[in-house]
Amino acid sequence: MSETARFWIIIVVLTVGTFLLRSLPIWLYGRTPMPTWVERLLRYVPAAALTALVVPGSLYIKDAGIYELAPARIVAALAALVVAVRTKNVIATMISGMVVLWVGQALLG
Amino acid sequence: MVEDRVNRTGRSMLAGAKDVSPIILGIIPFGLVAGAAVIEAGLGLPEAIGMSLFVNAGASQIAATALFAEGAPLWVAIGTALVINARMLIYSASLAPILAPKATRRGKILLGHPLVDQAYAATMTQGRFRDDIDVVPYYVGSWAILASVWQIANIVGALAGSFVPPAWSLDFTVPLVFLAMLVPALKTHTDVEVALITAFAAALLVPVLPMQTGLLVAIVAGMAWGAMRHHDTELAQEGEAG
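Rules used in this analysis
Residues numbered from 1 in each chain as written. Chains lettered and ligands numbered in written order. Predicted model: local features only at pLDDT ≥ 70, side-chain atom pairs only at ≥ 80, totals over all residues. Helix = DSSP H or I, 4+ residues; strand = E, 2+ residues; numbered from the N terminus. Rg over C-alpha atoms; globule rule 2.2 N^0.38 Å. Buried ≥ 20, exposed ≤ 12 C-beta atoms within 10 Å, placed from the backbone. Expected span 1.5 Å × (residues − 1). Contact = placed C-beta atoms within 7 Å. Bend = angle between axes of the 7 residues up to and from the residue. Nonpolar A, V, L, I, M, F, W, Y, C, P; charged D, E, K, R; others polar. Axes fitted to C-alpha atoms, helices over the stretch in contact; angles between N-to-C directions. Left-handed = near helix turned anticlockwise from the far one by under 90°. Core = buried A, V, L, I, M, F, W, Y, C linked by C-beta atoms within 7 Å. Domains from an automatic or database assignment. Pairing = 2+ DSSP bridges. Parallel < 35°, antiparallel > 145°, perpendicular 65-115°, else oblique. pLDDT = per-residue confidence, 0-100.

Side note on the overall build of chain B
Reasoning step 1: What chain B contains, in helices and strands, is 13 helices and 0 strands.
Reasoning step 2: Order of helices (α) and strands (β) in chain B, N terminus to C terminus: α-α-α-α-α-α-α-α-α-α-α-α-α.
Reasoning step 3: Taken over C-alpha atoms, the radius of gyration comes to 19 Å for chain B, in line with the 18 Å a tight globule of 242 residues would show.
Reasoning step 4: Expressed as lengths along the three principal axes of its C-alpha atoms, the size of chain B is roughly 60 × 50 × 30 Å.
Reasoning step 5: Looking at chain B as a whole, 52% of its 242 residues are labelled buried.

Here's what the structure looks like:
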């Protein structure tokens, strides 16, 4: 199967799955309440998911399947974290992170 | 005045669009990154458009695309993205009592699709308290402007992404954009704990677990920690769950 076809499988399944996740509680409203433990678990999806999407790409570069620590990325991510906490501004966070990364890559290789 | 001529539904949609407009600027870089990621994964503009138009959920789009680019099996890319979107179940459940009674039977079928983080936040914190507008068109209107900007940003990202040389390390914009979203999402002590546990698990597991399953395992571990440590008193300190 071509890479493009494989990617379209992701798009289609993700579309249907996400549509159901968004719709089921609205469709079932008034019939079955959500169990408390499910609600507790889902309450922490944003903190967990966003962290998991930040960390590996901030620590490592992947070269031919091998993960190697990337000092320039670690420094840049920490700098961006400081800017994010201080400003809560998406654009400032991204610009500071990228600039520190470029400087870091020039200095550290 | 224009307001006098448009009907109540139109006015409600405009009100929704207006209430989310301050956050629109924030989704542009996110959309650019999502569009560029699809190109970087070796795919084309149709795939970038298909992903943003149909899936309509930013973080999961980027995660699925990145996992695909790293050669993860399809079930891992899809499973990880769906776990990220599982938060929609909560949004939907908390909006259901506000929206479902006001929608027609047929309208209810499609009512879930416009559920994106910012439309949820606006409807929960503002739209539902207003009696000069109808909440269903308000919610749809807030999504319509978000989705339009999201779509354009994805297309621009896809077009521009193909011209950016690899030496610029554009892939690093992905963790950066999530970092910018993560910080405001850490509202309680337990949120911070969840982030630390997930960070530790992801750092340790992503390089070693097979088939790129590390991300999925780290997210589930963080969620489980949060559910275990959850204090009901914290609910009082929370604004919206977005």
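Next comes the rest of the description.
With respect to helix α1 (residues 3-27) of chain A
Reasoning step 1: An ideal rise of 1.5 Å per residue puts 36 Å on 25 residues; α1 of chain A measures up with 35 Å between its terminal C-alpha atoms.
Reasoning step 2: Those residues of α1 of chain A that sit buried are F7, I10, I11, L14, T18, F19, L21, R22, S23, P25 and I26 of chain A.
Reasoning step 3: Looking at the buried positions of α1 of chain A, the neighbouring elements they touch are α3 (45-55), α4 (58-69), α5 (74-85), α6 (87-99) and α7 (105-110) of chain B.

A look at α6 of chain B
Reasoning step 1: Taking 1.5 Å of rise per residue, the 13 residues of α6 of chain B would be expected to cover 18 Å, and the 18 Å separating its terminal C-alpha atoms lies within 8% of that figure.
Reasoning step 2: At A93 of chain B, α6 of chain B shows its largest bend, some 25 degrees, and a proline, P97 of chain B, comes one to four positions later.
Reasoning step 3: Among all positions of α6 of chain B, only R87, M88, L89, I90, Y91, S92, L95, A96 and L99 of chain B are buried.
Reasoning step 4: On the buried face of α6 of chain B, the contacting elements are α1, α2 (36-43) and α3 (45-59) of chain A together with α5, α8 (117-125) and α9 (135-161) of chain B.

Some points on the interface of chain B and chain A
Reasoning step 1: On the side of chain A, 63 residues touch chain B, which itself brings 73 residues to the contact.
Reasoning step 2: Elements with a minimum of two residues in the side of chain B that touches chain A: α2 (8-40), α3, α4, α5, α6, α10 (173-185), α11 (189-205) and α12 (214-229) of chain B.
Reasoning step 3: Considering each element in turn, the side of chain B that touches chain A owes the most residues, 13 residues, to α10 of chain B.
Reasoning step 4: Its residues assigned to classes, the side of chain B that touches chain A shows 54 nonpolar, 14 polar and 5 charged.

A look at the packing of α3 of chain A against α10 of chain B
Reasoning step 1: At a minimum axis separation of 8 Å, α3 of chain A and α10 of chain B run at an interaxial angle of 145 degrees. Here α3 of chain A and α10 of chain B pass one another in a crossing that is left-handed. The residues of α10 of chain B that touch α3 of chain A, namely those facing P46, A47, L50, T51, L53, V54, G57 and S58 of chain A, are V174, P175, F178, L179, M181, L182 and A185 of chain B.
Reasoning step 2: For the contact of α3 of chain A with α10 of chain B, the per-class residue count stands at 12 nonpolar, 3 polar and no charged.

Remarks on the nonpolar core
Soluble globular proteins tend to bury their nonpolar side chains together.
Reasoning step 1: Counting 114 residues, the largest nonpolar core has V177, F178 and L179 of chain B as its most contacted members.
Reasoning step 2: At 13 residues, α2 of chain B tops the list of elements feeding residues into this core.
Reasoning step 3: Excluding its chain neighbours within four sequence positions, the residues that come into contact with L179 of chain B are V54, A77, A80, L81, A84 and T93 of chain A.

Here we look at the domain arrangement of chain B
All names here are of chain B.
Reasoning step 1: You can read the domains of chain B as domain 1 (2-170) and domain 2 (186-237).
Reasoning step 2: In this structure, domain 1 and domain 2 have C-alpha centres spaced 24 Å apart.
Reasoning step 3: Between domain 1 and domain 2, the contact holds 8 residues from the first and 7 residues from the second.
Reasoning step 4: Taken together, the residues that form the side of domain 1 that touches domain 2 break down as 5 nonpolar, 2 polar and 1 charged.

With respect to unusual backbone geometry
Reasoning step 1: Positive phi, normally seen in glycine, also occurs at K88 of chain A, with a value near 50 degrees.
Reasoning step 2: As for its position among the elements, K88 of chain A is in the loop between α4 (71-87) and α5 (90-108).
Reasoning step 3: One non-glycine residue, S169 of chain B, adopts positive backbone phi at about 50 degrees.
Reasoning step 4: Relative to the helices and strands, S169 of chain B is located in the loop between α9 and α10.

Topic: the pairing of strand β2 (residues 66-69) of chain A
All names here are of chain A.
Reasoning step 1: The pairing of strand β1 (residues 60-63) with β2 spans 4 bridges and is antiparallel. For D63, the partnering residue across the bridge sits in β2 and is I66.
Reasoning step 2: Counting the residues in the hairpin turn of β1 and β2 gives 2 residues, including A64, whose phi is positive at 50 degrees.

Let's talk about the packing of α4 of chain B against α5 of chain B
Residues and elements named next belong to chain B.
Reasoning step 1: Between α4 and α5, the least distance of the axes is 9 Å, while the angle of their chain directions is 160 degrees. The angle between α4 and α5 falls in the class roughly antiparallel. Relative to α5, the crossing made by α4 is right-handed. Of the residues in α5, those touching α4 at A59, S60, A63, A64, L67 and F68 are V76, A77, I78, T80, A81, I84 and N85.

So, the environment of A41 of chain B
All names here are of chain B.
Reasoning step 1: Mapping A41 onto the fold places it in the loop between α2 and α3.
Reasoning step 2: Owing to 18 C-beta atoms within 10 Å, A41 belongs among the partly exposed residues under this scheme.
Reasoning step 3: For A41 and G71, which are 30 residues apart along the polypeptide, the C-alpha to C-alpha distance reads 9.8 Å.
Reasoning step 4: Setting aside anything within four residues of it in sequence, one finds A41 in contact with T65, F68 and A69.

Section: the confidence of the model for chain B
Residue and element names in this part refer to chain B.
Reasoning step 1: Across chain B, pLDDT averages 88, with 93% of residues at or above 70.
Reasoning step 2: In the model of chain B, helix α13 (residues 234-237) stands out as the element of lowest mean pLDDT, 50, in contrast to α11, which has the highest, 96.
Reasoning step 3: Across the whole predicted complex the pTM is 0.84, and at the interface the ipTM reaches 0.90.

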